[in-house]
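Reading the structure
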Amino acid sequence: MFFAARQYGLALLDIVLLLAALSMTIVRFRRLSLPAALLLVPYLLWVAFASALNASIWQLNT
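Residues numbered from 1 in each chain as written. Predicted model: local features only at pLDDT ≥ 70, side-chain atom pairs only at ≥ 80, totals over all residues. Heavy atoms only, no water.

**Things to note about the layout of surface pockets**
Once rolled over the atoms, a probe with the size of a water molecule shows which space is left empty. What the largest pocket holds in volume is close to 220 Å³. Lining the largest pocket we find M1, F2, F3, A11, D14, I15, L18, A50, L53, N54 and I57. Broken down by secondary-structure element, the contributors of at least two residues to the lining of the largest pocket are α1 (8-32) and α3 (41-60). Partitioned by chemical class, the residues of the lining of the largest pocket number nine nonpolar, one polar and one charged. (1 Å grid on protein atoms, 1.4 Å probe; cavity = no way out; pocket = protein on both sides within 12 Å on 5 of 7 lines; lining within 4 Å. Points joined across faces, edges and corners; volume = space filled by probe spheres on them. Helix = DSSP H or I, 4+ residues; strand = E, 2+ residues; numbered from the N terminus. Nonpolar A, V, L, I, M, F, W, Y, C, P; charged D, E, K, R; others polar.)

Here it is as structure tokens:
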């Protein structure tokens, strides 16, 4: 959505939903395996960074 269709708003919504799903996955994995949950934290940080970039690009282009 972001690159091909240049739908920055929809792409931001999509990545925010990904952040929510990833956060819930980490919370649920923590109950089962702390190392498994911790291994997802760098991915969460990367997705959060990508979200900030997406939001700033959307803001600059509107």
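**Let's talk about the packing of aromatic side chains**
Applying the stated criterion across every chain yields a total of three aromatic pairs. A network of ring pairs unites the aromatic residues F2, F3 and Y8 as a single cluster. (Phe/Tyr/Trp six-rings, centres within 6.5 Å; stacked < 30°, edge-to-face > 60°.)

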